[in-house]
Amino acid sequence: MELWNSSTWGSSFILVGILNDSGAPDLLCAMITFLYMLALTSNGLLLLVITTDVRLQVPMYFLLGQLSLVDLLFTSVVTPKTLLDYLRRENSISFGGCALQMFLALMLGSAEDLLLAFMAYDRYVAICHPLNYMIFMRPRVCWLTVATSWILACLTALGHTMYTMHFPFCMSLEIRHLLCEIPPLLKLACADTSRYLLLVYVTGVTFLLLPLSAIVASYTLILSTVLHMPSNEGKKKALVTCSSHLTVVGMFYGAATFMYVLPSSFHSPKQDNIISVFYTIVTPALNPLIYSLRNKEVMGALRRVLGKYVLPVHPTQ
């Protein structure tokens, strides 16, 4: 079988995404466009509110702002190219572009994975140790957790991207997937990838299960504390705050587990495309809505910001 030299940066892959395999591509394109605009607007507004309203200058909202930034970047790595490729009827992506997209998607996905664990720890400290909250979650600690998330995510993504792209690929360079990711790309490799697939599996399990274990432990302790609260109002407020985070955790870890933990026998191109649309397009659009709609502090800050920048009140003459 003829091989394609993967070091030839001028060569291209063909991304066969979900739009090309859809029975109603125009309708799906319109839905994806709507979700992308919703993700840009909702995450952008949430970032604006968190950075400009002094009442939200607390660790919980600092971490939420980082999550919104990750979601904003994550969906922008994939969605614009998907829509432009469909409109131009051009599905090619260069070797360098594929490597860059893979690196960014892996980095942002890994960063979100770790951020969700740190957010669970933040809720644990706030509910179980409220008097020491500003000690345990002081600014230096917050910046350290965020920096750790980005650095570990960057190193992991860089290692996997470089190793994945070093394989020789077959002349059939059609990636039946929404974006350049490790599992669908390795199917094109004209070399034995079984050991590397095992490494990807182990890395995926480690990167998912360790933070997930921390989240489960945090919420077990939180639940124990909440059940012993004397005030029903306190219980309700704690559960509302935690339910938003748990909803986001469930969506993210469900999709990531399907993609990187389940054996390849459970995968099909159609299923993988649906899952990839879910965590690259749907989830970034829904996350800020989940966090903000039931949060009175965020909604109040949003009204103040919109009143200040969008709908200024003119004094009565």
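Values in this document were obtained by computation on a predicted structure and should not be read as measured data.

What counts and what doesn't
Residues numbered from 1 in each chain as written. Predicted model: local features only at pLDDT ≥ 70, side-chain atom pairs only at ≥ 80, totals over all residues. Heavy atoms only, no water. Helix = DSSP H or I, 4+ residues; strand = E, 2+ residues; numbered from the N terminus. Polar contact = N/O pair within 3.5 Å; in protein donor to acceptor, adjacent residues only side chain to side chain. Contact = heavy atoms within 4.5 Å. UniProt positions renumbered as here; feature names shortened; annotations may be inferred. Salt bridge = Lys/Arg side-chain N within 4 Å of Asp/Glu carboxyl O. Buried < 20%, exposed > 50% of the residue type's maximum accessible area, 1.4 Å probe, protein only. Pairing = 2+ DSSP bridges. Axes fitted to C-alpha atoms, helices over the stretch in contact; angles between N-to-C directions. Left-handed = near helix turned anticlockwise from the far one by under 90°. Nonpolar A, V, L, I, M, F, W, Y, C, P; charged D, E, K, R; others polar.

J.: Now, about the side chain of Gln101: what can you tell me, with residues and values included?
T.: Its location among the elements puts Gln101 in helix 3 (residues 95-128). A polar contact is formed between the side chain of Gln101 and the backbone nitrogen of Cys180, at a distance of 2.9 Å. Non-local contacts of Gln101, meaning those with residues more than four positions away in its chain, are made with Leu15, Val77, Val78, Lys81, Ile93, Leu179 and Cys180.

J.: Talk me through the UniProt feature "transmembrane region" (unreviewed entry) in the chain; I want residue IDs and the actual numbers.
T.: With numbering matched to this structure, UniProt assigns "transmembrane region" (unreviewed entry) to residues 27-49, 61-79, 99-121, 141-163, 196-226, 238-262 and 274-293. Secondary structure content for residues 61-79 is 100% helix and 0% strand, and the end C-alpha separation is 26 Å. Secondary structure within residues 99-121 divides into 100% helix and 0% strand; the distance between the first and last C-alpha atoms comes to 33 Å.

J.: Residues and numbers for the pattern of salt bridges, please.
T.: Under the definition given, this model contains five salt bridges. Of the charged contacts, one joins Arg304 and Asp53 as a salt bridge, the two residues approaching to 3.0 Å between their closest N and O atoms. In this pair, Arg304 sits in helix 10 (residues 296-309) while Asp53 sits in the loop between helix 1 (25-52) and helix 2 (59-88), placing the two residues 251 residues apart along the sequence. For Arg123, the salt bridge identified is with Asp122, shortest N-O distance 3.0 Å. A single burial state applies to Arg123 and to Asp122, both of which are buried.

J.: Summarise the sheet that holds strand 2 (residues 12-15); cite the residues concerned and give the values.
T.: Taken together, the three strands give an open sheet; going across it, the order is 3-2-5, and neighbouring strands pair in mixed fashion. With one partner strand each, in any of the chains shown, strand 3 (92-94) and strand 5 (174-175) form the two edges of the open sheet. Sheet topology places strand 2 next to strand 3; three bridges connect them, and they run antiparallel. Within strand 3, the position partnered with Ile14 by the bridge is Ser92.

J.: Give me the packing of helix 3 against helix 5 (residues 139-164): which residues, what numbers.
T.: At a closest axis distance of 8 Å, the pairing of helix 3 and helix 5 adopts a crossing angle of 145 degrees. By crossing handedness, the relation of helix 3 to helix 5 is classed as right-handed. Grouping the amino acids of the contact of helix 3 with helix 5 by side-chain chemistry returns 17 nonpolar, seven polar and no charged.

J.: How would you sum up the environment of Leu38? Please name residues and give values.
T.: Position of Leu38 among the secondary structure elements: in helix 1. C-alpha separation for the pair Leu38 and Ala285, spaced 247 residues apart in sequence, amounts to 5.6 Å. Ignoring any residue separated from it by four or fewer positions in sequence, one finds Leu38 in contact with Asn43, Ala285 and Leu289.

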